[in-house]
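These are the residues of each chain, in order.
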Amino acid sequence: MNGVTYAQLVLDPHAPGATLMLLNPNRLQRKYPDGRSGEIMASTVEFFESRGKARLKHDDHERAWYSEFLDHVARERIFASLLTPAQYGADDCRWDTYRISEFAEIIGFYGLSYWYPFQVTALGLGPIWMSGNEDAKRKAAAQLEAGEVFAFGLSEQTHGADVYQTDLILTPSENGGWTANGEKYYIGNANVARMVSTFGKIAGTSGDPEYVFFAADSQHERFEVIKNVVNSQNFVANYALHDYPVTEADILHRGPEAFHAALNTVNVCKYNLGWGAIGMCTHALYESITHASNRILYGNLVTDFSHVRRLLTDAYARLVAMRLVATRACDYMRSASAQDRRYLLYSPLTKAKITSEGERVITALWDVIAAKGVEKDTFFETVAREIGLLPRLEGTVHINIGLLGKFMPNYLFAPDAALPLIGRRDDAADDTFLFQQGPTGGLGKVRFHDWRAPFDSYGHLPNVALLREQIDVLTEMLATATPDAAQQKDIDFAFGVGQLFATVPYAQLILEEAPLSGVDEALLDEMFAVLIRDFNTFAVELSDKAATTDEQARHALRMIRRPAHDPARYDQIWKDHVLPLNGAYQMRP
């Protein structure tokens, strides 16, 4: 690492807003090298705030199609600016993960129903931007400029998102081209998208099936929208193609390239789920703290109860940690190359851990506001209903934690000192490599920098040091009581090990981002107290797995540590970070 510590990466901890850890729509903090990016964020906030909370809740309860939001996106050219690579768009267009992440956070802040059409548009564009079909790319760019949304036709009712299976078949046509028949399921925006990136298989091929991605038009007469499969503002379609004509001009990918495009698109877009959860939890936290800080029960302010302070402080610490991880992961996404594929760990980590943490944050807040959490006029009621969706989209938590396991040997035991130290990537660059990822295999060959380096930079903090001790026991177990082949195939056992391992890069990203975001050390140590308790839980669960050997169970129980408690630190966080959120943001009525 050329002798540089992660604590030396800090940009300017004394800059205005450097210690503002959470999004506040009334005080947008991100700095951009161009004015257009800030305009997009400000106009999006103003759209929601000018409509007000009552209208937002009315549309949610009435399951109103969000046409006015899509009209706003079209009028302001938001998707065109954010989701068009520079090569195909106007001067303000680029696929810039740094600014995309703030947009995802903002629309998540106002509800999953507004985050969702953005997410599935990004997914639908993935196979197009990864394609060699230049005409299709120019068509997509023109449609983005016209305000259209896109869809990603991968999942099927029978197979889910199993990329190896598809019942949508293209049959050669007598007049050239093909006709497509089959159904897709769980496809957002497929009621309106003029380009639906649809995954299928070409009939009549010998040997391995020839997969295909092609663009279909939801408004074509042979494209049937059967139904909306959800009861919400979103339209998540079950659609069918009936002898749908497909020409060479519609083909995006054929053969293994189509398979890789499906997985690579998800590699890019699953990262956005973390930001959706962060936005939702942030709004819920403001609402919860403001409610609790102004309510008297049994002659006491609710926030004077010790358990309430603990719940709110833990929720705050978890939420700030979520934001730090997602922000730092962005740097690796933007810096990816064929020689540096660390993003392939950090993207599923963001999806699996941050969305799961989002559920834990909402559960803690609900224990504070109790019955208030189901009142129809609260934003919390919407979040409580929707937060559980994010861990279960773009692959379940089990699938993504299982994916992390492929990186574990190299990450823990074979660091590569030649890898560059990545700084903040907030420049106005086009993230072109995300659409040039190539074949999806070789995950076990991906190399990482030494995870110990950021721990060493903060080793003076007691809870950072304690988590490091826990991780050392984990690595000892993996080296001396290595899971055998049968255990590695046991999903329940592998998930137990994976939960422990996932904590390591999660903590690493927190420590790397802390100096960049100006996090004070008291808050950082409190975050690690939470991580220690989580690690304890995962260790006990692993010790109790049926497939765990006695030796592995002994190692698991040796991992348990008691966090370092510091009343002064805890009070400082309450007074300086948590309590000031009372009334800091309330949506316009």
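Residues numbered from 1 in each chain as written. Predicted model: local features only at pLDDT ≥ 70, side-chain atom pairs only at ≥ 80, totals over all residues. Heavy atoms only, no water.

1. Overview of the overall build of the protein
Alright, step 1. Per the secondary structure count, the protein includes 21 helices and 10 strands.
Alright, step 2. For 589 residues, the compact-globule formula gives about 25 Å, and the C-alpha radius of gyration of the protein, at 24 Å, lands near that figure.
Alright, step 3. Structurally, the protein occupies a C-alpha span of about 75 × 60 × 45 Å along its principal axes.
Alright, step 4. Every one of the 589 residues in the protein was classed for burial, and the buried ones make up 59%.
Alright, step 5. Contacts spanning at least 24 positions in sequence make up 80% of the contacts within the protein whose residues lie at least 6 apart.
Alright, step 6. Charged side chains of the protein number 56 positive and 74 negative; the gap between the two group centres comes to 2 Å. (Helix = DSSP H or I, 4+ residues; strand = E, 2+ residues; numbered from the N terminus. Rg over C-alpha atoms; globule rule 2.2 N^0.38 Å. Buried < 20%, exposed > 50% of the residue type's maximum accessible area, 1.4 Å probe, protein only. Contact = heavy atoms within 4.5 Å. Lys, Arg positive; Asp, Glu negative; His and termini not counted. Charge placed at Lys NZ, Arg CZ, Asp CG, Glu CD.)

2. As for the packing of helix H9 (residues 271-292) against helix H11 (residues 343-369)
Alright, step 1. Two elements in contact, H9 and H11, have axes separated by 8 Å at closest approach and are oriented at 15°. As judged from the angle between their axes, H9 and H11 are roughly parallel. Remark: the crossing between H9 and H11 carries left-handed chirality. Residues Tyr-271, Leu-273, Gly-274, Ala-277, Ile-278, Cys-281, Ala-284, Leu-285, Ser-288, His-291 and Ala-292 of H9 form the contact with H11, whose own contacting residues are Ser-347, Thr-350, Lys-351, Ile-354, Thr-355, Gly-358, Val-361, Ile-362, Leu-365, Val-368 and Ile-369.
Alright, step 2. Tallied by class, the residues present in the contact of H9 with H11 amount to 14 nonpolar, seven polar and one charged. (Axes fitted to C-alpha atoms, helices over the stretch in contact; angles between N-to-C directions. Parallel < 35°, antiparallel > 145°, perpendicular 65-115°, else oblique. Left-handed = near helix turned anticlockwise from the far one by under 90°. Nonpolar A, V, L, I, M, F, W, Y, C, P; charged D, E, K, R; others polar.)

3. Focus: the nonpolar core
Alright, step 1. Counting 174 residues, the largest nonpolar core has Trp-95, Trp-129, Ile-510, Leu-524, Met-527 and Phe-528 as the members making the most contacts within it.
Alright, step 2. The dominant element in this core, judged by the number of residues it contributes, is helix H10 (residues 306-334), at 16 residues.
Alright, step 3. Contact partners of Leu-524, with chain neighbours within four places excluded, come to Tyr-458, Leu-461, Ile-510, Leu-511, Ala-514 and Val-519. (Core = buried A, V, L, I, M, F, W, Y, C linked by side-chain atoms within 4.5 Å.)

4. Here's the deal with the pattern of salt bridges
For side chains of opposite charge, pairing can occur when their charged atoms come near one another.
Alright, step 1. Applying the stated criterion to the full structure yields 51 salt bridges.
Alright, step 2. The shortest N-O distance in the salt bridge between Arg-323 and Glu-105 comes to 2.7 Å. Of the two residues, Arg-323 sits in helix H10 while Glu-105 sits in helix H5 (residues 97-109), which places them 218 residues apart along the sequence. The same class applies to Arg-323 and to Glu-105, which are both buried.
Alright, step 3. Between Arg-334 and Asp-431 there is a salt bridge, with the nearest N and O atoms lying 2.9 Å from each other. Here Arg-334, found in helix H10, pairs with Asp-431, found in the loop between helix H14 (408-413) and helix H15 (452-457); they are 97 residues apart in sequence, far enough to count as distant. (Salt bridge = Lys/Arg side-chain N within 4 Å of Asp/Glu carboxyl O.)

5. Re the packing of aromatic side chains
Alright, step 1. A full pass over the atoms with the stated rule returns 34 aromatic pairs.
Alright, step 2. Their ring planes at 75° and their centres at 5.5 Å tell us that Phe-103 and Phe-118 sit as a pair that is edge-to-face. Here the residue Phe-103 occupies a position in helix H5, and Phe-118 occupies one in helix H6 (residues 112-129), the gap between them amounting to 15 residues.
Alright, step 3. The exposure class assigned to Phe-103 is buried, which follows from its relative accessible area of 0%.
Alright, step 4. Relative accessible area serves as the criterion here: at 0%, Phe-118 is assigned to the buried category. (Phe/Tyr/Trp six-rings, centres within 6.5 Å; stacked < 30°, edge-to-face > 60°.)

6. Re the pairing of strand E3 (residues 178-188)
Two faces make up the sheet, and in a regular strand the side chains alternate between them.
Alright, step 1. Inspection of the sheet shows strand E2 (residues 169-172) paired to E3 by four bridges, in the antiparallel sense. Bridge pairing in E3 links Ile-169 to Asn-181.
Alright, step 2. The hairpin formed by E2 and E3 contains five residues between the paired strands, and Gly-176 there has a positive phi angle of roughly 95°.
Alright, step 3. Two strands pair when backbone bridges link them, and E3 and strand E7 (residues 236-246) are joined in this way by eight bridges, in the antiparallel orientation. Following the sheet pairing, Lys-184 is matched in E7 by Tyr-239. (Pairing = 2+ DSSP bridges.)

7. Some details on H11
Alright, step 1. The end-to-end C-alpha separation of H11 is 38 Å, in line with the 39 Å expected for 27 residues at 1.5 Å each.
Alright, step 2. With 21 of 27 residues buried, H11 lies mostly within the body of the structure.
Alright, step 3. Ala-370 occupies a position one or two residues after H11 and carries a positive phi of about 50°. (Expected span 1.5 Å × (residues − 1).)

8. Considerations on a nonpolar patch on the surface
Alright, step 1. Taken together, the side chains of Val-540, Leu-557 and Ile-560 define a hydrophobic patch exposed on the protein surface, amounting to about 240 Å² of accessible area.
Alright, step 2. Tracing the sequence through the fold places Leu-557 in helix H20 (residues 550-558).
Alright, step 3. Residue class for Leu-557 comes out partly exposed when judged on its relative accessible area of 48%. (Patch = residues over 30% accessible without salt bridge, like charges linked within 9 Å, V, L, I, M, F, W, Y side chains within 5 Å. Areas by Shrake-Rupley, 256 points an atom, 1.4 Å probe, with all protein chains shown as cover.)

9. With respect to the pairing of strand E4 (residues 196-202)
Alright, step 1. Extensive coverage of E4 is indicated by the burial of six of its seven residues.
Alright, step 2. Here strand E1 (residues 151-153) pairs with E4 via three bridges, running parallel. The residue bridging Ala-151 from the neighbouring strand is Val-196, located in E4.
Alright, step 3. Sheet topology places E2 next to E4; two bridges connect them, and they run parallel. Of the residues in E4, the one forming a bridge with Ile-169 is Lys-201.
Alright, step 4. In this structure, E4 lies alongside strand E5 (residues 210-216), joined through seven bridges in antiparallel fashion. Directly across from Val-196, in E5, lies its bridge partner Ala-216.

10. Concerning the environment of Gly-299
Alright, step 1. Its location among the elements puts Gly-299 in the loop between strand E9 (296-297) and strand E10 (300-301).
Alright, step 2. Counting along the chain gives 196 residues from Gly-299 to Phe-495, while the straight-line C-alpha distance between them is 46 Å.

11. Observations regarding the confidence of the model for the protein
Alright, step 1. Per-residue pLDDT for the protein averages 94, and the proportion of residues at 70 or more is 96%.
Alright, step 2. Between residues 1-19, whose pLDDT stays under 50, and residues either more than four places distant or in other chains, the model counts 39 contacts. (pLDDT = per-residue confidence, 0-100.)

12. What to know about H20
Alright, step 1. Taken together, the buried positions of H20 are occupied by Gln-552, Ala-553, His-555 and Ala-556. The arc that holds every buried residue of H20, seen down its axis, measures 160°, which confines them to one face. Within H20, the exposed residues directed more than 90 degrees away from the buried face are Asp-550 and Arg-554.
Alright, step 2. Tucked inside the fold, the buried residues of H20 contact helix H16 (462-480), helix H17 (485-489), helix H18 (491-517) and helix H19 (521-543). (Arc of directions from axis to C-beta.)

13. Quick look at the side chain of Ser-517
Alright, step 1. With respect to the element layout, Ser-517 can be found in helix H18.
Alright, step 2. You can call Ser-517 buried: its relative accessible area is 19%.
Alright, step 3. At a separation of 2.5 Å, a polar atom in the side chain of Ser-517 contacts the side chain of Glu-513. (Polar contact = N/O pair within 3.5 Å; in protein donor to acceptor, adjacent residues only side chain to side chain.)

14. Notes on the packing of H6 against H9
Packed helices, taken two at a time, are described by their axes: the angle between them and the distance between them.
Alright, step 1. Following both chains from N to C, one finds H6 and H9 inclined at 170°, their axes separated by 11 Å at the closest point. Taken together, the axes of H6 and H9 are roughly antiparallel relative to one another. Between H6 and H9, the contacting residues are Leu-112, Trp-115, Phe-118, Gln-119 and Ala-122 on the first element and Asn-272, Leu-273, Gly-276 and Met-280 on the second.

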